[in-house]
Amino acid sequence: MTAQLIDGKAIAKKVRAEVKLRAAEFAAAHGRKPGLEVVLVGNDAASQVYVRNKERASEKVGIRGAVHRLPADASQAAVVELVEQLNARDDVDGILVQLPLPGHIDANAVIDRIDAAKDVDGLGPQNAGKLVLGRPGHRPCTPHGCMRLLDEIGCDPKGLSAVVVGRSNLVGKPIAHLLLQRHATVTLAHSRTRDLGAVVSGADIVVAAVGVRALVRGEWIKPGAVVLDVGINRADDGKLYGDVEFEAACERAAHITPVPGGVGPMTIAMLLSNTVDAAYRRVG
Ligand code: NAD
């Protein structure tokens, strides 16, 4: 079998087109655009690129926004104060604090202060709790994007065996809950999992979110499985690679996301989608 590639770029484009339409409808009905404010602390190079991309993407779909840049030595109190100011503004529907924050700032202490209705990254305790309880709320963008990819290829997780490798709060845990909500039988594997190969080889859906190139071996993939590779690893050759041994996995999987161009483009698209959702929820 040669796997069909899941075209994350094309699917993200489709999501952005939907968002653009909904953002325009919102603006027409409420006299203002949905608003997304991004807080960036310090000079982390990757974060600067992400934030710039978010800024551009927002503009293109008709979401108003600003990036608030604070110096690397900004105090935790200053970051919290900014978050509180944004919480209080009526024209702000979404607040995103770009991670990682500098070491002297407790990221949880900042995220905990974001109004749950504006927590479009879905990382705060209220939205995370709602996800676990299966109640409506903002879902973290990358996991949300993964679910959309499954929907787009017509993969219904109901009754399927899903293995998620990686248990971060950002990706692994939320995607495991989203799959569970859609009635998959979910195994959450991590760095202490024994015999990862045996665990992965039973999976109809494999999600790899670790950050180790080719950790998931092609020979582990069950023939006909769907493979979502969240990993982004820059190698010495300057190219990006996923967490899955791509070519070998292609021989066995039915569908697989390439890296780059698979899961990656979905993250910003889902952030924009969450922002428009937040805008509509806030106006009731
Ligand atoms: P993280 O470092 O927070 O978590 C990694 C997880 O992998 C941990 O839960 C750990 O237990 C697990 N792990 C580590 N070594 C392992 C091993 N040998 N076997 C099994 N599990 C192991 O990382 P994260 O934030 O969840 O990100 C994971 C990857 O996804 C990274 O490459 C990151 O760059 C990428 N990522 C991509 C996007 C996107 O938009 N595509 C978004 C977020 C993260």
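Here, every reference points to the structure presented above.
Read on for a plain summary of the structure. (Residues numbered from 1 in each chain as written. Predicted model: local features only at pLDDT ≥ 70, side-chain atom pairs only at ≥ 80, totals over all residues. Heavy atoms only, no water.)

### A look at the pattern of salt bridges
Following the criterion strictly, the structure yields 15 salt bridges and no others. The partner of Arg89 in a salt bridge is Asp91, with the nearest N and O atoms 3.0 Å apart. The salt bridge involving Lys222 is made with Asp204; its shortest N-O contact spans 2.7 Å. With a gap of 18 residues between them, Lys222 in the loop between strand S7 (205-208) and strand S8 (226-229) and Asp204 in the loop between helix H8 (196-200) and S7 connect regions that are remote in the sequence. Residue Lys222 is classed as partly exposed on the basis of its relative accessible area, which comes to 30%. Shared partners join several salt bridges into a network, and the residues in it are Lys14, Glu18, Arg148 and Glu152. (Salt bridge = Lys/Arg side-chain N within 4 Å of Asp/Glu carboxyl O. Helix = DSSP H or I, 4+ residues; strand = E, 2+ residues; numbered from the N terminus. Buried < 20%, exposed > 50% of the residue type's maximum accessible area, 1.4 Å probe, protein only.)

### Some thoughts on the sheet that holds strand S4 (residues 94-97)
Taking strand neighbours across the sheet as the criterion, the three strands line up as S3-S2-S4 in an open arrangement whose pairing is parallel. Edge strands, defined here as strands with exactly one partner in the open sheet, are strand S3 (64-70) and S4. Strand-to-strand twist of the sheet, defined as the mean angle between neighbouring strand axes without regard to direction, takes the value 15°. By the bridge criterion, seven bridges tie strand S2 (residues 35-41) to S3 in an arrangement that is parallel. Opposite Leu36, over in S3, you have Gly65 as the bridge partner. Taken strand by strand, helix H2 (residues 45-60) contacts S2, S3 and S4, and its axis lies near 165° from that of S2. (Pairing = 2+ DSSP bridges. Axes fitted to C-alpha atoms, helices over the stretch in contact; angles between N-to-C directions. Contact = heavy atoms within 4.5 Å.)

### Brief notes about the sheet that holds strand S6 (residues 185-189)
Overall, parallel pairing links the six strands, which are arranged S1-S11-S8-S7-S5-S6 in an open sheet. Strands with a single pairing partner mark the edges of an open sheet, and in this sheet they are strand S1 (4-5) and S6. Across four bridges, the pairing between S7 and S8 is parallel. Considered in S8, the bridge of Val207 is made with Leu228. Sitting on the sheet, helix H7 (residues 172-181) touches strand S5 (161-165), S6 and S7, and the angle it makes with S6 is about 170°.

### Comments concerning the packing of aromatic side chains
Throughout the structure, instances matching the rule amount to one aromatic pair. When the ring centre of Tyr241 is taken as origin, the NZ or CZ atom of Arg213, which lies over that ring, is 3.5 Å away. (Phe/Tyr/Trp six-rings, centres within 6.5 Å; stacked < 30°, edge-to-face > 60°. Lys NZ or Arg CZ within 6 Å of the ring centre and 35° of its normal.)

### Observations regarding the nonpolar core
In globular proteins that are soluble, nonpolar side chains generally tend to be buried together. By size, the foremost hydrophobic cluster in this structure holds 46 residues, and its most contacted members are Leu150, Leu179, Val207 and Leu228. Tallying contributions element by element places helix H10 (residues 264-282) first for this core, with eight residues. Split by domain, this core shows at least three residues from each of two domains, domain 1 (31-115) and domain 2 (141-263). Once residues within four sequence positions are removed from consideration, Val207 is found in contact with Val163, Val164, Val165, Ile175, Leu179, Leu228 and Val230. Counting 19 residues, the second-largest nonpolar core is a separate cluster that includes Val206, Ile221, Cys250 and Ala253. (Core = buried A, V, L, I, M, F, W, Y, C linked by side-chain atoms within 4.5 Å. Domains from an automatic or database assignment.)

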